[in-house]
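What follows is each chain in one-letter form.
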Amino acid sequence: MPMATSSRDRGVAPAQREPTRARRPGRVRMRGTERREQLIEIARPLFAEKGFEGTSVEEIAAAAQVSKPVVYEHFGGKEGLYAVVVDREVSYLLTSIEDALATGGRSRELVEQAALALLDYVETHTDGFRILVRDSSVASSSGSFASLLSDIASQVEGLLVTEFKRHGLEAKTAPMYAQMLVGMIALTGQWWLNARKPKKSEVAAHLVNLAWNGLAHLDTKPRLVTDP
């Protein structure tokens, strides 16, 4: 006995009938914390490549396969997302330097470890370093890259005070020299970000060679040779 057909199918050729709808591959549903982390990971390389101004919420949402309101829901906008990215990078780099200085050892060894820690960060967190040296002060609660370097320099001051006292130099100038030392390492890190030659350990060795051997032969009362 032939199977009855519905009035909907009656008189409609098989090829014309509405096909069974296959389940469309929709967005992967994530918990709130998972979505937040996904957006951070997607936004970081975009900010590194294009900067804060050059990156749009539309781009971030499209890369994450979500709608723009999802970005606003988690971060309040591009500024909030950017601030989280920067704060995380600042925290990671500062912790890396502090850990290097907390390993113990002689002063020269600690300077070497600090230089290597910064170069390690450049190598393994390239996108983060690009963000920090470009425009990290935008929407960031942790300030600019310069303020980050000042925080690191404050960790180095104690090392220099000890060395200055041992060499009969004025300890009160140690903070200024700490800024110089950290600034030299940071600027070299920016150069190495693109050059990547020579290898990291060799760059660190040359940095310490200049910094340490220079410190070992400081004048107690330095003056410019052009001074009258």
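All values derive from a computational prediction rather than experimental measurement.

## As for unusual backbone geometry
- A cis geometry characterises the amide bond from lysine 197 onward to proline 198, with omega recorded as -5°.
- With respect to the element layout, proline 198 can be found in the loop between α8 (174-195) and α9 (200-216).
- One non-glycine residue, glutamine 65, lies in positive phi territory at about 60°.
- Relative to the helices and strands, glutamine 65 resides in the loop between α2 (57-64) and α3 (68-75).
- The phi dihedral of arginine 196 is positive, around 55°, even though this residue is not glycine.
- Within the element layout of this structure, arginine 196 appears in the loop between α8 and α9.

## Side note on the UniProt feature "DNA-binding region" (unreviewed entry) in the protein
- The UniProt record marks residues 56-75 with the feature "DNA-binding region" (unreviewed entry), using the residue numbering of this structure.
- End C-alpha atoms of residues 56-75 are separated by 14 Å, and the span's content is 80% helix alongside 0% strand.

## Some details on the packing of helix α5 (residues 107-124) against α8
- Where α5 contacts α8, the two axes come as close as 10 Å, and the packing angle between them is 30°. When the axes of α5 and α8 are compared, the pair comes out roughly parallel. Between α5 and α8 lies a crossing whose hand is right-handed. Residues Val111, Ala115, Leu118, Leu119, Val122 and Glu123 of α5 pack against Leu181, Ile185, Ala186, Gly189, Trp192 and Leu193 of α8.
- Of the residues in the contact of α5 with α8, the class split is 10 nonpolar, one polar and one charged.

## Things to note about the confidence of the model for the protein
- Residue-level pLDDT values for the protein average 83, and 82% of them are 70 or greater.
- Across the protein, α2 holds the top mean pLDDT of 97, while helix α7 (residues 145-166) sits lowest at 85.
- For the stretch residues 1-26, pLDDT sits under 50, and the model shows four contacts to residues farther than four places along the chain or on other chains.

About the criteria used
Residues numbered from 1 in each chain as written. Predicted model: local features only at pLDDT ≥ 70, side-chain atom pairs only at ≥ 80, totals over all residues. Heavy atoms only, no water. Helix = DSSP H or I, 4+ residues; strand = E, 2+ residues; numbered from the N terminus. UniProt positions renumbered as here; feature names shortened; annotations may be inferred. Axes fitted to C-alpha atoms, helices over the stretch in contact; angles between N-to-C directions. Parallel < 35°, antiparallel > 145°, perpendicular 65-115°, else oblique. Left-handed = near helix turned anticlockwise from the far one by under 90°. Contact = heavy atoms within 4.5 Å. Nonpolar A, V, L, I, M, F, W, Y, C, P; charged D, E, K, R; others polar. pLDDT = per-residue confidence, 0-100.

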